[in-house]
Amino acid sequence: MDSVLSVRKLKKVFGDKKPFTAVDEISFDLMPGEILGFLGPNGSGKTTTIQMLLGTLSYTSGSILYFGKDFVRHRSKILESVTFASTYTSLPHILTIEENLSCCGRLYGLDPKETAKRCDPLLERFGILAKKKQRVATLSAGQVTRLMIVKAFFIYPRVVLLDEPTASLDPDVAREVCDFLLEQRDKTNLSILFTSHKMEEVTELCDRTIFLKGGKIIANDLPQNLAKSVSSFHLRLSIADGMKRTIAIAEEQQLKHRIEHRIFQLSLEEHQIPPFLNAIAQANVSYTNIQIEEPSLEDYFLQIAERKE
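From a predicted model like this one, the values you see are computed outputs, not experimental measurements.

(A) Region of the structure containing the side chain of R146. Examined against the element boundaries, R146 turns out to sit in helix α5 (residues 141-153). It turns out R146 is buried and unbridged, and the closest side chain with the opposite charge, D170, is 6.2 Å from it. Leave out the neighbours within four places in its chain, and R146 touches F126, I128, L169 and V173.

(B) Local environment of the nonpolar core. Formed by 49 residues in total, the largest nonpolar core has its most connected members in L147, F153, L181 and F194. If near-sequence neighbours (up to four positions away) are discounted, F194 is found in contact with I35, L36, G37, F38, L39, L162, P165, L181, E201, V202, L205 and C206. By size, the runner-up hydrophobic cluster in this structure holds 28 residues, among which are V23, I26, F38 and M52.

(C) Main features of the side chain of E34. Assignment of secondary structure puts E34 in the loop between β2 (20-30) and β3 (35-39). In this structure the side chain of E34 is engaged in a polar contact, spanning 2.8 Å, whose partner is the side chain of R208. Once residues within four sequence positions are removed from consideration, E34 is found in contact with D29, L190, S191, I192, D207 and R208.

(D) The arrangement of the packing of helix α3 (residues 97-107) against helix α4 (residues 112-125) in detail. For the pair α3 and α4, the least separation of the axes is 9 Å and the interaxial angle reads 125°. Classified by the interaxial angle, the pair formed by α3 and α4 is oblique. α3 and α4 meet at a crossing whose hand is right-handed. Across from I97, L101, S102, G105 and R106 in α3, the residues of α4 making contact are P112, T115, C119 and L123. Residues of the contact of α3 with α4, tallied by class, amount to 5 nonpolar, 3 polar and 1 charged.

(E) Representation of a nonpolar patch on the surface within the structure. On the surface, Y287, I290 and I292 cluster together into a nonpolar patch covering about 240 Å² of accessible area. Locating Y287 in the fold gives a position in strand β14 (residues 286-293). Residue Y287 is classed as partly exposed on the basis of its relative accessible area of 34%.

(F) Geometry of the sheet that holds strand β13 (residues 263-269). Spatially, β12-β13-β11-β14 is the arrangement adopted by the 4 strands of the open sheet, whose pairing is antiparallel. The sheet is open, and its two borders are formed by β12 (256-260) and β14, each paired with just one other strand. Neighbour-to-neighbour, the strand axes of the sheet open up by a mean angle of 20°, direction not taken into account. The sheet contact formed by strand β11 (residues 232-241) and β13 spans 7 bridges and is antiparallel. Residue pairing for β13: L237 is matched across the bridge by F264. Here helix α10 (residues 273-282) sits on the sheet and contacts β11, β13 and β14; the angle it forms with β11, its principal contact strand, is near 10°.

(G) Main features of the sheet that holds strand β4 (residues 61-66). One open sheet holds the 4 strands; their spatial order is β2-β1-β4-β5, and the pairing between them is antiparallel. Two strands bound the open sheet, and with one partner strand each, they are β2 and β5 (69-70). Here 7 bridges tie strand β1 (residues 5-14) to β2, and the two strands are oriented antiparallel to one another. The residue of β2 that forms the bridge with L5 is L30. Of the strands in this sheet, β1, β2 and β4 touch helix α1 (residues 46-54), which is tilted by about 115° from β1.

Analysis parameters
Residues numbered from 1 in each chain as written. Predicted model: local features only at pLDDT ≥ 70, side-chain atom pairs only at ≥ 80, totals over all residues. Heavy atoms only, no water. Helix = DSSP H or I, 4+ residues; strand = E, 2+ residues; numbered from the N terminus. Buried < 20%, exposed > 50% of the residue type's maximum accessible area, 1.4 Å probe, protein only. Lys, Arg positive; Asp, Glu negative; His and termini not counted. Salt bridge = Lys/Arg side-chain N within 4 Å of Asp/Glu carboxyl O. Contact = heavy atoms within 4.5 Å. Core = buried A, V, L, I, M, F, W, Y, C linked by side-chain atoms within 4.5 Å. Polar contact = N/O pair within 3.5 Å; in protein donor to acceptor, adjacent residues only side chain to side chain. Axes fitted to C-alpha atoms, helices over the stretch in contact; angles between N-to-C directions. Parallel < 35°, antiparallel > 145°, perpendicular 65-115°, else oblique. Left-handed = near helix turned anticlockwise from the far one by under 90°. Nonpolar A, V, L, I, M, F, W, Y, C, P; charged D, E, K, R; others polar. Patch = residues over 30% accessible without salt bridge, like charges linked within 9 Å, V, L, I, M, F, W, Y side chains within 5 Å. Areas by Shrake-Rupley, 256 points an atom, 1.4 Å probe, with all protein chains shown as cover. Pairing = 2+ DSSP bridges.

Structure (structure tokens):
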């Protein structure tokens with residue numbers, strides 16, 4: 001199966017006297033119908049890469065191919081099928097929702113009637129159809145984000161680049177956006193490059209995840225495989241009696257722990273769980289609740305962000 005987006009040794013260097021490499025020869029593919037998580041701590045090179053993929057920022061070296069065509073040579077034609085949405089961008093505030101979308105539609109060769117036919121169902125789905133005649137300046141941050149998603153999808157794209165599209169949304173609306181993305185992927189075989197700091201969202205949505213740090217790709221795997229690479233489990237106990245004995249056992253077994261009121265929390269590897277629980281049982285520690293959480297993608301993210309190169 002041919003990729004819809006192929007990036008090879010993409011590099012971006014800023015400055016001449018004191019050059020800074022923001023993206024350092026990264027290579028990856030986005031496949032048809034794939035939702036690819038593009039993750040990393042702040043400053044890792046995600047936004048710079050997306051800007052290069054949109055052509056709003058030139059790259060120092062490497063290549064970008066969409067649908068097998070060189071992006072530099074065929075940029076205008078390619079961007080007829082590639083769209084973008086972000087929490088951190090907006091549309092002209094002086095124009096209404098309707099006027100903004102009509103202008104966008106004309107850029108893609110659509111007349112106002114066809115634009116409205118495509119946009120109105122999306123505006124209704126995201127709860128902003130009633131505000132169609134209002135200026136963008138009157139919208140909340142969350143409503144602007146929803147409008148940006150409508151703008152990205154009404155032209156029926158083949159590839160969508162999404163930069164933290166749910167960051168400013170309430171949980172129920174963020175849930176609706178995620179459901180919408182999965183529906184669009186399943187209905188149209190759409191491909192999505194998706195950045196987010198919500199690791200639960202990434203785990204649910206993404207077929208594969210790429211992690212960047214310092215401008216380099218340091219991991220490229222399934223979300224569940226990356227989570228499994230973190231050995232630490234999280235154990236929480238609500239201690240009814242025996243907090244001091246519990247602390248002593250954790251220190252004796254050299255386990256990282258912290259205490260919040262009567263909640264005892266510690267991180268440990270899977271093989272350390274039975275000895276710890278057996279020890280507190282023998283010490284007659286009484287607890288009312290226990291939770292054991294497996295490593296998550298968020299644990300992996302934090303481990304990568306904290307790791308010193």
